[in-house]
Amino acid sequence: MMKKKSIPASKPLLILFLCQIISALDVPLDSKLLEELSQPPTITHQSPKDYIVDPRENIVIQCEAKGKPPPSFSWTRNGTHFDIDKDAQVTMKPNSGTLVINIMNGGKAEAYEGVYQCTARNERGAAISNNIVIRPSRSPLWTKEKLEPHQVREGDSLVLHCRPPVGLPPPIIFWMDNAFQRLPQSERVSQGLNGDLYFSNVQPEDTREDYICYARFNHTQTIQQKQPISVKVFSMDSLNDTIAANLSDTDIYGAKPVTERQPVLLTPTGSTSTKVELRGNVLLLECIAAGLPTPVIRWIKEGGELPANRTFFENFKKTLKIIDVSEADSGNYKCIARNTLGSVHHVISVTVKAAPYWITAPRNLVLSPGEDGTLICRANGNPKPSISWLANGVPIAIAPEDPSRKVDGDTIIFSHVQERSSAVYQCNASNEYGYLLANAFVNVLAEPPRILTPANKLYQVIADSPALLDCAYFGSPKPEIEWFKGVKGSILRGNEYVFHDNGTLEIPVAQKDSTGTYTCVARNELGKIQNEVHLEIKDPTMIIKQPEYKVVQRYGQVSFECIIKHDSTLLPTVIWLKDNDELPDDERFLVGKDNLTIMNVTDKDDGTYTCIVNTTLDSVSASAVLTVVARPNPPFDLELTGQLERSIELSWIPGDENNSPITHFVIEYEDGLHEPGVWHYQTEVPGTQTTVQLKLSPYVNYSFRVVAVNKIGRSQPSEPSEQYLTKSASPDENPANVQGIGSEPDNLVITWESLKGFQSNGPGLQYKVSWRQKDVDDEWTSVIVANVSKYIVSGTPTFVPYEIKVQALNDLGYAPEPSEVIGHSGEDLPMVAPGNVQVHVINSTLAKVHWDPVPLKTVRGHLQGYKVYYWKVQSLSRRSRRHVEKKILTFRGNKTFGMLPGLEPYSSYKLNVRVVNGKGEGPASPDKVFKTPEGVPSSPSYLKITNPTLDSLTLEWGSPTHPNGVLTSYILKFQPINNTHELGPLVEIRIPANESSLILKNLNYSTRYKFYFNAQTSVGSGSQITEEAVTIMDEAMASRQVDIATQGWFIGLMCAVALLILILLIVCFIRRNKGGKYPVKEKEDAHADPEIQPMKEDDGTFGEYRSLESDAEDHKPLKKGSRTPSDRTVKKEDSDDSLVDYGEGVNGQFNEDGSFIGQYSGKKEKEPAEGNESSEAPSPVNAMNSFV
């Protein structure tokens, strides 16, 4: 079974043609088809039923119609044939029924008043127009009349009548003065619907002589003017004066003042009235009342509500306006006029009648021979309209008989029609308020099938979307439609296809395999025709990277991505929208290939951004929201309330938070009395709070401001609040940080932090400074000072304790009693040196010193600690003196011992100890001499290997820079290295200490050797240095080498290798100079001297070190590690006496009393491993030798 359905209106692509009628046949509006098909006349344009024309211009009565063949036109006037050929002033436009009556060349418009009707006729029928009533517009002059001045008492009502001349159409009325200015209107003075000017009560300012009513006639564009009306208002005061002047003293007159009056309706009159209005028109009801005070008008509908959305009040609520009225708006409408003295009302009974209106208008009918059909004409109105039919403009009762036609009231039934049944039928629906006339033709056609869709039309559809293949057709009788896929394919059937009544084939879900050629076949009893169309399926367009929600700070930059994927045969276009509108025309918006960038973002950029991708077949979109955040706007409207002596309430209104919630408010204050222009922090409150109770200090002229804070930052401060001056009071607090410290041995300097201005609490701030010696039965000595924060007491004993207090006071009194602090008078230098100084040498680099503490009374100040001065007198190994550099170790507090690290082995030292107080150092103890024992020596200063032969090498070396004792011998170890850097057997040789060179013989030729060399004392071996060297080749090999070396390729290869190695060495040298992986700390940790053990730092045993000759250097920088010289000589830098060099890597331990525990041994380099130690990188020369 084939599935059929109609095409929804929401799919414009499916609408292959528009049906003008509901009939057995749908005639598409195809221009070529319409030119070939016969069709009865149809009126397409005509003048309005009531046609008011300008009598000064030509009259144009329109009548346009279409049909096949083209229709001819004729007119009737006042029910009889109008022969236009007999009237020279009347012409008909070519190919049209429109009449042009020439008035501008002598014709009179009044002569052509009447009722006109147009008839359009061809061989298939006749259509007629409405009855068109032609009337020329009129704008008559005002009749001359004598207008008496209006003299009115103040407070009375007044009506100025306009009574304009009757015009066609009625004129528009308005009131103006002699200066052509509209007269002002109000609840008291207003114009009625009839044009009269109503005064609810007159006032003296209403007196004038130029109340002029104007009538504007729009058709003739003329304005007519009534003669000016004069109004004079008498006030009661002026009326009393006039009457008094005309009366004798014996007459009695009592003029009443202006009296108030309850409302009285000026229009409409009486308590009830009626109003008839037609359906669809505008209902206008009016109530104007007199009274003093001016009444107020109110409208109600009895038994119902005024219709919402259609009710309006005009003319200061004196006019009720209801638009588009219907029968439901009938009823009683009450207007109520009310003032302070009472009210009056009027009921208007409204009846809504209706001229005829269509329920179902007849529609054109196209039939095939032998078919049936109906024409339906249904209308409504109040009263109900009568229905009459005409055929080709003639009442159907007297029209020619047609056996296929039957009239049944508002319906004509056609059965088994033939071509002669074609005609135009008119339906007339009329009642006393008007009529409706509609033309509908019956067109009987016999036509073979025609396919209107172009041949070989290409359809392109997105995959998984519906495909709609058109087959617009026409034929009479209506053809049958069939679809085939391919030129010789089978007929299409099944649920995967939908066949529409208009011939369209729908594939609900088109797939790639739907691509191909489709054939549409149309056939009826008069013939058959077919057409081919083509279908292509395209990949859908997708947004694979959609824009994402962004939050950006004001003046920042933001980007939205929109990356798409589309069919390669389709050309996409990308459009960006902001809030569903075009992007602003602003150079800050940069649209890229797959992104949108907004520079220098502002608050206006906040919104939704949409990326729309369009192709000729589909469209996709994606949106993202941009939220622009910024610091909050400053708060405003600061207000101070609840003023008390020590508190006040501050409130404010927050500014815009700019899309980032306010977290808190900071309240600041300014003391305009003491620190004008300086703002201080007062407090802060949560962001949800807009009031705060503030604590105040006396004698401060406060101003407050508020700062809002969100995650982005702080707002600008608000405008300052009003100022608030608090009353004076005695100080609440005393100065802080009171101290007593002598600057000289015989004084006491008392200092304190002065109170700030707002802490003074009043004028005349001063300080009462009191002191007395502690533990002595003395009275307090006091002095009052001002504008200072220091007082010096002279003539005090040296370094004795004092009780001190400082109290604030002002003109209103004292602060509370202050607390006491203990201070001391000035210090003097200590009098006594430490005694019983003892030195215990622990090892060659470490000694411990002991001393007896000095009596505290002799310190004459605060004991800060002890200083140990020590210096090297001479080295016992060299017996040569050098420049003496004294070093100092400071031991804090009351310590009586300390460690002296970093000593040089086998040396003579001296030291002394001094006590230290705040004034300085006391006298030194007698110098104490001590000596350090031998230690292991440093490495030899260099090692050179020269004069290589086939089996020997010459070694030269320098003695250690620091022998640290008496050298006993040198130890030389060496082993061969093969080409794979594997180490051979190790050989050891002991050399007397007085030697400085050695020739090694019986070596292998052309062999690389690695040498390890160090010195020894009686304590042990020192650190070693290493070097490598190569013996030369034998003569035979050398000759072969010469042969090879003379080859050009070999020379080039060697040059390239040498250049590469040189570059590598330069890079390594640069890295080592930059620090690389050889910092001093790591190098010293890697080659730690076992004699140098770590020392505790937290117990003060080692004191604080400094050199007397480097007091200006607070921290001595570490020296860089040694480097290998370019002449292959290994040197070790001279040791400086910095304890930093000796303090690293120490392992010793100390008991709680500071005594040292541990064993020290000589510093040694790790022994080379037999046969498994890799050698260092060879030099360029050695590299070339090993290559050979």
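In this report, the structure presented in the accompanying data block is examined. Owing to the predicted nature of the structure, the values given are computational and were not obtained by experimental measurement. Each chain has its residues counted from 1, following the order in which its sequence is written. Only residues with pLDDT of at least 70 get local features here, since the model is predicted, and only at 80 or more are side-chain atom pairs given and counted; chain-wide, interface and lining totals rely on the full set of residues. Side-chain measures here rest on the full set of heavy atoms in the structure, leaving out hydrogens and waters.

This next bit is on the overall build of the chain. Scanning the chain for helices and strands turns up 8 helices and 89 strands. We call a residue buried when its accessible area falls under 20% of the maximum for its residue type, exposed when it is over 50%, and partly exposed in between, using a 1.4 Å probe and counting protein chains only. Taken across its 1188 residues, the chain has 43% of its residues classed as buried. Contacts in the chain between residues at least 24 apart in sequence constitute 67% of all its contacts with a sequence separation of at least 6. Of the roughly 62300 Å² of accessible surface on the chain, 51% is carried by carbon and sulfur atoms. Put simply, DSSP marks the helices as runs of H or I at least four residues long and the strands as runs of E at least two long, and each gets a number from the N terminus on. The contact criterion used is simple: two residues touch if any of their non-hydrogen atoms lie within 4.5 Å. Areas reported here follow the Shrake-Rupley algorithm with a probe of radius 1.4 Å; residue values treat only the protein chains shown as occluding.

A few words on the environment of leucine 292. For leucine 292, the position within the fold is in strand 24 (residues 288-292). A relative accessible area of 14% means that leucine 292 is categorised as buried. Once the C-alpha coordinates of leucine 292 and threonine 259 are considered, the two residues, 33 residues apart in sequence, prove to be 7.8 Å apart. Residues contacting leucine 292, with those up to four places away along its chain left out, are Gly155, Asn201, Gln203, Val258, Thr259, Glu260, Arg261, Asn339 and Leu341.

When a carboxyl oxygen of Asp or Glu lies within 4 Å of a side-chain nitrogen of Lys or Arg, that pair is called a salt bridge. For the structure shown, the criterion picks out 38 salt bridges. Of the charged contacts in the structure, one is a salt bridge between glutamate 314 and lysine 321, with a shortest N-O distance of 3.3 Å. Relative accessible area serves as the criterion here: at 23%, lysine 321 is assigned to the partly exposed category. Lysine 867 is the salt-bridge partner of glutamate 921, the closest N and O atoms lying 3.0 Å from each other. Taken together, the positions of glutamate 921 in the loop between strand 78 (907-917) and strand 79 (928-931) and lysine 867 in strand 75 (residues 863-875) put the pair 54 residues apart, joining distant regions of the chain.

Another aspect to go through is the packing of aromatic side chains. Between 30 and 60 degrees the pair is tilted, below 30 it is stacked and above 60 it is edge-to-face, where a pair is any two Phe, Tyr or Trp rings, Trp via its six-membered ring, whose centres lie within 6.5 Å. Taken as a whole and judged by the stated rule, the model has 21 aromatic pairs. Between tyrosine 497 and phenylalanine 499, the ring centres sit 6.5 Å apart and the planes meet at 45 degrees, which makes this aromatic pair tilted. Residue tyrosine 497 is classed as buried on the basis of its relative accessible area, which comes to 13%. Pairwise contacts between aromatic rings join Phe174, Phe180 and Tyr214 into one cluster. Residue placement shows arginine 77 over the ring face of phenylalanine 82; its charged tip is 5.9 Å from the ring centre. A ring has a charge above it when a Lys NZ or an Arg CZ is no more than 6 Å from the ring centre and no more than 35 degrees off the ring normal. Residue placement shows lysine 805 over the ring face of tryptophan 780; its charged tip is 4.4 Å from the ring centre.

Disulfides are defined as cysteine sulfur pairs within 2.5 Å. As enumerated under the stated definition, the model contains 6 disulfides in all. One disulfide bridge connects cysteine 471 with cysteine 520, the sulfur atoms lying 1.8 Å from each other. Given an S-S torsion of about -60 degrees, the disulfide between cysteine 471 and cysteine 520 has left-handed geometry. A residue pair is termed long-range when its members are at least 10 positions apart, and cysteine 471 in the loop between strand 41 (467-469) and strand 42 (473-476) and cysteine 520 in strand 46 (residues 516-524) qualify at 49 residues. Given the relative accessible area of 1%, cysteine 471 is considered buried. The buried category is assigned to cysteine 520, whose relative accessible area is 1%. The disulfide that involves cysteine 562 links it to cysteine 611, with 1.9 Å between the sulfurs. Around the S-S axis, the bridge from cysteine 562 to cysteine 611 shows a dihedral of about -65 degrees and counts as left-handed. Separated by 49 residues along the polypeptide, cysteine 562 in the loop between strand 50 (558-561) and strand 51 (563-565) and cysteine 611 in strand 56 (residues 607-614) bring together distant segments of the chain.

Attention now moves to the sheet that holds strand 34 (residues 394-395). Strands belonging to one sheet form pairs held by backbone hydrogen bonds; the direction of such a pair is parallel or antiparallel. Judged by pairing direction, the sheet is mixed, and its 5 strands sit side by side in the order 30-38-37-33-34 without closing on themselves. At either end of the open sheet lies a strand with only one pairing partner, and these are strand 30 (365-367) and strand 34. Note on pairing: two strands pair once DSSP finds at least 2 bridges between them. Pairing analysis gives 9 bridges linking strand 37 (residues 423-431) to strand 38 (residues 434-444), with the strands arranged antiparallel. Bridged to alanine 423 within strand 38 is valine 442.

The subject of this paragraph is the sheet that holds strand 50. Spatial strand order, 50-55-54: 3 strands in an open sheet with antiparallel pairing. Strands with a single pairing partner mark the edges of an open sheet, and in this sheet they are strand 50 and strand 54 (589-591). In this sheet, neighbouring strand axes are inclined to one another by 15 degrees on average, regardless of whether the strands run parallel or antiparallel. Inspection of the sheet shows strand 54 paired to strand 55 (residues 595-598) by 3 bridges, in the antiparallel sense. Residue pairing in the sheet places leucine 590 in a bridge with threonine 597 of strand 55. Geometry is summarised by axes, namely lines fitted to C-alpha atoms with helices restricted to the contacting stretch, and by angles between N-to-C directions that run from 0 to 180 degrees.

The next thing to look at is empty space enclosed by the protein. Detection works on a 1 Å grid of protein atoms alone, calling trapped sets that fit a 1.4 Å probe cavities and calling open sets with protein on both sides within 12 Å along at least five of seven lines pockets, with lining residues defined by an atom within 4 Å of a point. Grid points are joined across faces, edges and corners, and a volume is the space filled by probe spheres set on the points. Applying the stated criterion across every chain yields a total of 2 cavities of 30 Å³ or more. In this structure, the second largest cavity occupies an estimated 30 Å³ of space. For the second largest cavity, the full set of lining residues is Glu187, Pro295, Val296, Ile297, Phe316 and Lys318. Looking at the lining of the second largest cavity residue by residue, the class counts come to 4 nonpolar, no polar and 2 charged. Put simply, Ala, Val, Leu, Ile, Met, Phe, Trp, Tyr, Cys and Pro go in the nonpolar bin, Asp, Glu, Lys and Arg in the charged bin, and everything else, Gly too, in the polar bin.

With that settled, the discussion passes to the environment of cysteine 118. Examined against the element boundaries, cysteine 118 turns out to sit in strand 10 (residues 114-122). Sequence-wise, cysteine 118 and cysteine 63 are 55 residues apart; in three dimensions their C-alpha atoms are separated by 6.6 Å. If sequence neighbours within four positions are ignored, cysteine 118 has contacts with Cys63, Phe73, Ser74, Trp75, Ala127, Ile128 and Ser129.

Okay, unusual backbone geometry next. Backbone torsion omega between leucine 292 and proline 293 reads 0 degrees, so that peptide bond is classified as cis. By the secondary structure assignment, proline 293 is in the loop between strand 24 and strand 25 (296-301). Here asparagine 382 and proline 383 are connected by a cis peptide whose omega angle stands at 5 degrees. Phi at asparagine 658 is positive, roughly 55 degrees, even though this residue is not glycine. Relative to the helices and strands, asparagine 658 is located in the loop between strand 59 (647-653) and strand 60 (662-671). You will see that asparagine 659, though not glycine, has its phi angle at about 70 degrees, which is positive. You can see asparagine 659 is positioned in the loop between strand 59 and strand 60.

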